[in-house]
Amino acid sequence: MSPVRKAVFPVAGLGTRMLPATKVLPKEMLPVVDKPIIQYALEEARAAGIEEFIFVTGRGKTLIEDHFDRAVELFDTLAAKGKSEALAELEAGIPKAGEVTYTRQQEPLGLGHAVWCARHLVGDEPFAVSLVDDLILGDSPCLGELAEAHGRTGGNIVATMEVPHAHTKRYGILDPGEIDGRLVEAKAMVEKPEPERAPSRYAVIGRYVLLPEIFGHLDRQEPGAGGEIQLTDAMAQMLGARPFHGYVFSGERYDCGDKLGYLEAIVAAALRRPDLADGFASILKRYD
Ligand code: UTP
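Residues numbered from 1 in each chain as written. Predicted model: local features only at pLDDT ≥ 70, side-chain atom pairs only at ≥ 80, totals over all residues. Heavy atoms only, no water.

Thoughts on the overall build of the protein chain
Inference 1: Within the protein chain, the secondary structure is distributed over eleven helices and 13 strands.
Inference 2: For 288 residues, the compact-globule formula gives about 19 Å, and the C-alpha radius of gyration of the protein chain, at 19 Å, lands near that figure.
Inference 3: Principal-axis analysis of the C-alpha atoms gives the protein chain an extent of 60 × 50 × 35 Å.
Inference 4: Put simply, the protein chain has 288 residues, and 47% of those count as buried.
Inference 5: The contacts of the protein chain with a sequence gap of at least 6 include a subset with a gap of at least 24, amounting to 75%.
Inference 6: If you sum the accessible surface of the protein chain, you get close to 14400 Å²; carbon and sulfur atoms cover 52% of it. (Helix = DSSP H or I, 4+ residues; strand = E, 2+ residues; numbered from the N terminus. Rg over C-alpha atoms; globule rule 2.2 N^0.38 Å. Buried < 20%, exposed > 50% of the residue type's maximum accessible area, 1.4 Å probe, protein only. Contact = heavy atoms within 4.5 Å. Areas by Shrake-Rupley, 256 points an atom, 1.4 Å probe, with all protein chains shown as cover.)

Written out as C-alpha cells, the structure is:
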C-alpha cells in the first residue's frame with residue numbers, strides 16, 4: 001500500500017458559529033492555550049509522517065499563511081535577546097520551505113468543493129484530510145492511526161467515535177458491517193439521523209484518508225444537503241466499490257467550531273500541559 005504523504009486542510013469556511021470572534025480572525029487562528037487551533041492539526045499531521053501540507057484557504061485567511069511563515073524580525077529579536085527556547089519552539093512549529101502549499105476556494109460552496117480545489121496538488125495518490133475544528137488530543141496522532149489502517153485495508157478510512165445515542169443527529173453516522181478491534185467496516189453512511197433512525201452510534205469525525213478517485217466524484221459538483229457540495233456524498237458514491245472503514249481513534253476530540261466544544265478544548269489542553277496543569281486545576285476548583 002502506498003504511504004499517505006499529503007494532507008489537505010480545508011480552512012475556507014466562514015466560522016459563523018464563533019462570531020463575532022471570527023469576523024476578522026479566521027476561526028482556525030483562535031488560540032487553545034497559547035497555540036492557534038490550526039497549529040495542533042499541523043503538529044498531528046507531522047507526527048503522522050505527512051510530508052506535504054495543502055491548505056485550502058479563502059478570503060480573509062491570510063493570517064494562516066503568515067502564521068506558518070518565518071517572522072524574520074521577531075526571530076531576530078528573540079535571538080538577540082538570547083530567548084533561544086522560545087525561538088526554537090517557533091522554528092519547530094513552521095513547515096520547512098516547500099512543504100506547504102496554499103490554494104484558494106473562491107466561494108464557500110461546501111467541504112467537498114474545498115477538497116476538490118486541492119485536486120491538482122494531491123494528484124493520483126491516497127491523501128489525508130484534516131478538519132482542524134476537530135481538535136484531537138492524544139498520545140498517538142489520529143491521522144497516523146488512519147494511515148496505518150489504510151495500509152491494512154487499502155481503501156477509504158474515516159475517523160470515528162461512539163457518541164451518545166441522543167447526539168446522532170449532529171453527525172454523519174456509519175452503518176457498520178464487520179467490526180475488527182478499532183476497525184469498523186462501513187456499509188453505508190447516514191447524514192445526521194434522528195436517534196431512532198441511526199444505524200449505530202459510530203459518528204464520523206473530521207479526519208479522513210481518501211483514495212484519489214474521490215476527485216472523479218467531486219468533479220460532478222452535485223450540491224447535496226444545504227445546497228453545498230458535500231464530501232460525504234462523494235465518499236458514499238465509493239461505498240461498495242472500494243473498501244470503506246471507520247477507525248475508532250484513540251485520542252479525545254473537541255469540536256472547536258462550537259463555543260462549548262472550544263471551551264472544553266482549552267480546559268483539556270491546559271490540563272495536559274505540565275507547566276500549567278496544577279495551577280489551572282486549582283483555578284478550576286474555584287468554579288465547582
Ligand atoms: P463547518 O461546517 O464547520 O463550516 O465546515 P464553517 O463555515 O467552517 O463554520 P460555521 O458552521 O459557519 O460556524 C467544516 C470544515 O470545512 C471547511 C471549514 O473551514 C471547516 O474546516 N469548509 C467548509 C471549507 O473549507 N469550505 C466550505 O465551503 C465549507
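Description of the pairing of strand β4 (residues 52-57)
Inference 1: Of all six residues in β4, five are buried, a share of seventy percent or more.
Inference 2: As judged from the five bridges shared by strand β1 (residues 6-10) and β4, these two strands associate in the parallel manner. Paired with Val 8 across the two strands is Ile 54, which belongs to β4.
Inference 3: Where β4 meets strand β5 (residues 100-104), five bridges bridge the pair, whose relative direction is parallel. Paired with Val 56 across the strands is Thr 103, a residue of β5. (Pairing = 2+ DSSP bridges.)

Digging into the packing of aromatic side chains
Inference 1: Following the criterion strictly, the structure yields five aromatic pairs and no others.
Inference 2: With centroids separated by 5.1 Å and ring planes inclined at 10°, the aromatic side chains of Phe 127 and Phe 215 adopt a geometry described as stacked. Here Phe 127 is found in strand β6 (residues 127-130), whereas its partner Phe 215 is found in helix α8 (residues 214-218), with 88 residues between them in sequence.
Inference 3: Overall, the relative accessible area of 0% leaves Phe 127 in the buried class.
Inference 4: Here a set of aromatic residues connected by ring pairs shows up, and it is made of Phe 9, Phe 53, Phe 55, Phe 68 and Tyr 102.
Inference 5: Lying across the ring of Tyr 40, Lys 35 places its NZ or CZ 4.6 Å from the centre.
Inference 6: The aromatic ring of Trp 116 is capped on one face by Arg 119, whose charged end is 3.6 Å from the ring centroid. (Phe/Tyr/Trp six-rings, centres within 6.5 Å; stacked < 30°, edge-to-face > 60°. Lys NZ or Arg CZ within 6 Å of the ring centre and 35° of its normal.)

Some words on the site of the ligand
Inference 1: Surrounding the ligand, one finds 17 residues, the nearest of these being Thr 16, Arg 17, Lys 27, Gln 105 and Gly 110.
Inference 2: In this structure, Gly 13 approaches the ligand through a main-chain N or O atom, which is 2.9 Å from an oxygen atom.
Inference 3: The contact in question runs from an oxygen atom of the ligand to an N or O atom on the side chain of Lys 27, over 2.6 Å.
Inference 4: Relative to its unbound accessible area of 570 Å², the ligand is 81% covered by the protein chains.
Inference 5: Taken together, the residues of the shell around the ligand sort by class into eight nonpolar, five polar and four charged. (Near = heavy atom within 4 Å. Polar contact = N/O pair within 3.5 Å; in protein donor to acceptor, adjacent residues only side chain to side chain. Nonpolar A, V, L, I, M, F, W, Y, C, P; charged D, E, K, R; others polar.)

Things to note about the nonpolar core
Inference 1: Among the nonpolar cores identified, the biggest contains 46 residues, and Phe 9, Val 32, Ile 37, Ile 38, Leu 135 and Leu 146 are the most heavily contacted of them.
Inference 2: Breaking this core down by element, the ones donating at least two residues are β1, α1 (37-47), β4, β7 (134-137), α7 (142-153), β8 (156-162), β11 (202-210) and α10 (259-271).
Inference 3: No other element matches the six residues that α1 contributes to this core.
Inference 4: Sequence-distant contacts of Val 32, defined by excluding residues within four places in its chain, comprise Ile 37, Tyr 40, Leu 135, Cys 256, Tyr 262, Ala 265, Ile 266 and Ala 269. (Core = buried A, V, L, I, M, F, W, Y, C linked by side-chain atoms within 4.5 Å.)

Topic: the environment of Asp 288
Inference 1: Tracing the chain through its elements places Asp 288 in the segment after α11 (277-285).
Inference 2: With 90 residues separating them along the chain, Asp 288 and Ala 198 place their C-alpha atoms 35 Å apart.

Let's talk about the pattern of salt bridges
Close approach of charged atoms allows side chains of opposite charge to pair.
Inference 1: Taken as a whole and judged by the stated rule, the model has 20 salt bridges.
Inference 2: Residue Glu 125 pairs with Lys 6 through a salt bridge whose shortest N-O separation is 3.6 Å. Taken together, the positions of Glu 125 in the loop between α6 (119-122) and β6 and Lys 6 in strand β1 put the pair 119 residues apart, joining distant regions of the chain.
Inference 3: With relative accessibility at 8%, the residue Lys 6 sits in the buried group.
Inference 4: Linked through salt bridges whose partners overlap, the residues forming this network are Arg 5, Lys 6, Glu 51, Glu 52 and Glu 125. (Salt bridge = Lys/Arg side-chain N within 4 Å of Asp/Glu carboxyl O.)

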